[in-house]
Structures are given as structure tokens and as C-alpha cells.
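Coordinate analysis (summary)
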Amino acid sequence: MFLLLAAAVLLPAMGQEVEVTSQRRLLEGVEGPAYHPVLNTAGDRLLFLTEAGALKMYDLTDNVTTTVADGYVAGNDACWGGDGKVYFVTQRVGEDRLVYRTGRCYDPASRQVAVMSSERHGAVHAVPATRGAAMRAPGLDARSGGDIGSAAWTEENRVHVIVGGEERVFSPVDSWAGYLWASLSPDGKRVAFFAAGKGIVVIDLRGQMLAMLGNYEMPCWYNNDYLVAQNAKDDGHQFTSSQLLLLKADGTWQTELTRPASMTMQPTCGGGRIVYTTIDGLLHEMKINIYD
């Protein structure tokens, strides 16, 4: 497994080099399969979903795991708000066989869960913001407070951005199946997202396209200049390969962090850490140095 996961110690390309300074398995022998990891900005706390869909939080400093929600958490709709709280969406199937979803907020300090948006049929998405978070759905805009700061999210083939209290909506590229995985750069000046059929797009806060980084998935900002993304291939039925790539935000450079055969996916970044899982749900942490 180490040979499949490990990148070369130095990965040179076009005068730039990346050094993998450390790599380790997380929660080995402690947790079962773990998916959709999400680091907080500081990189010291990690959210993940169990195979059954429960949401857990792992403190990388204290090496303690806490259950946030036992019930099924919808998809990867769990995020860290800028206020340090966890925002997520639970779902259940009603007697009418319809799916109902509820937006919730977990406070790590008090370990209490509060309802943020009442149960409703249809998709509900947790949107992280620099001062809090929101729950968004057609006809729903539930916020953690009056001023949640800056935020970015996608709805169908539109990118929504909140800047200075103003909501802006952009559709900078055509996409037959819409947009996913929008996020603000750490300095709040750019937005990266995935456009189906086109790949990763970087825009400014006025919707102007700055770069297209390639047809990769699940982009996350490593810092203001680089992103980490998943490069997965399939045969129409199952994944045939999956790896992590480091991409320069201006589209001029990229290199692989893991090999295609490693089946590594779902990257998340924070505090200089990169955490990801494998197709089998094995969590790993990587740290790197970038030499320009």
C-alpha cells in the first residue's frame, strides 16, 4: 500500500518542485471506513462520514474522535463555518417514501446540536462562510447570523458569491450538467469550482474567468496559489484509477501527489495539511513543501 500511495520525495516540473515531507495513515485500527473528509481552516480538526453515513469529528491535536450525528448525513453536506461550528444536513425517508432533510449546527464547545432549518422535502445544502454558514435550497436562505461574511456555492449551472453582504450570481462557462464544489480562496479574492464537462474553473469576484485547470474534480485550496484536486477515471461502472494532483491556481503548472493506482480521492486542505481517503475508506494525511 505504501508504494501505491507514496509520491516521489521530490516531484520536479517546469522549475518547480514539491517535497512530500510526511505521510501517515489516520485513525488506523480506531475507525472503520471514512469518507468525505473536511478539515477546518486551522487544520487541527477533521470531519468525516462513516460507511453508515454518521458524521464524526477528529481532533488531530488531542487524538480524540467525537460523534456529531448518528443519523444519516446527506452526501458531503458537512462543513466548517467561520465561527468554528459544524454545519450539516441530515435526511430521512418518510412514510410517503419521500426524502426529508433538516439543516443542523453543532457547537464543538458545548457539544450541542441545534436545528438551523426545519425539515423539508428536496435538497438542502450547507454553505460555509467566513463568519458562519448558511443552509440553501429553493425558497430557503437560513443563516447562522445577520452577517455571515463571504461565501461561495453552486446551484445548477450558477455560481453564487456573497461579498460585502451582496449576493452575486455568475455562469462563466457552459456546462451540460451544472457546477459543483465551489470554494473561496483563503484570501477571499477568487472562487474555484467544477463545471461538468469542462473541469476546474477559477474566477474573480466579478465572475471573470481567470484560469481553467483541467478536467479534475473536488478542488480545494491549499493556499492562495495552489489547489489540490482529484483525478479519477472510470469505465462507466466503477473507478479504474484515482489520484491527487497539485494545481497552480493560474493554470500554468501541475504535478501528481499520488499515483493513479493508489485510488486516492476526496482531498481536503487546512493549516498546511492535506487529508484524503481511498476507495476503501482509509484516511491519510500528507504534508508538503512547495519550491517555486
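One structure accompanies this document, and this report is about it. All residue numbers refer to position in the chain's written sequence, counted from 1. Residue-level local features of this predicted model are given only where pLDDT is at least 70; pairs of side-chain atoms are given and counted only at 80 or more, and the full residue set underlies all totals for whole chains, interfaces and linings. To obtain the side-chain values, all non-hydrogen atoms of the structure were included, while hydrogens and water were left out.

1. Quick word on the sheet that holds strand β14 (residues 151–155)
Strand order in the open sheet formed by three strands is β14-β15-β16, with antiparallel pairing between adjacent strands. The sheet is open, and its two edges are formed by β14 and β16 (166–170), each paired on a single side. With strand direction ignored, the average angle separating the axes of adjacent strands in the sheet is 20°. Two strands are counted as paired when DSSP detects at least two bridges linking them. Helix numbers and strand numbers start at the N terminus; a helix is a DSSP run of H or I with at least 4 residues, a strand a run of E with at least 2. Structural elements are reduced to axes, namely lines fitted to C-alpha atoms, with helices fitted over the stretch in contact, and the angle between N-to-C directions of any two is expressed from 0 to 180 degrees.

2. What to know about the packing of aromatic side chains
Working definition: rings of Phe, Tyr and Trp (its six-membered ring) pair if their centres are within 6.5 Å, and the pair is stacked with planes under 30 degrees apart, edge-to-face with planes over 60 apart, and tilted otherwise. Across all of its chains, the model carries three aromatic pairs by this definition. Arranged with centres 4.6 Å apart and planes meeting at 40°, the rings of Tyr-179 and Phe-193 form a pair that is tilted. Of this pair, Tyr-179 sits in strand β17 (residues 179–184) while Phe-193 sits in strand β18 (residues 190–195), and the two are 14 residues apart along the sequence. Only protein chains enter the accessibility calculation, which uses a 1.4 Å probe. A residue is then buried if its area is under 20% of the maximum for its type, exposed if over 50%, and partly exposed in between. Tyr-179 gets classed as buried once you look at its relative accessible area, which sits at 3%. Their ring planes at 85° and their centres at 5.8 Å tell us that Tyr-226 and Trp-253 sit as a pair that is edge-to-face. Note that Tyr-226 is positioned in strand β22 (residues 226–234) and Trp-253 in the loop between β23 (239–248) and β24 (254–256), a separation of 27 residues in sequence. The residues Tyr-226 and Trp-253 share a single accessibility class, namely buried.

3. Digging into the pairing of strand β19 (residues 199–204)
Judged by how many residues are buried, β19 sits mostly within the fold: six of six residues are covered. As judged from the six bridges shared by β18 and β19, these two strands associate in the antiparallel manner. In the strand pairing of β19, Phe-194 is matched with Ile-200. Between β18 and β19, which pair antiparallel one after the other, the connecting turn spans three residues, and Gly-197 there sits at a positive phi close to 85°. For β19 and strand β20 (residues 209–214), the ladder comprises four bridges, and the chain directions are antiparallel.

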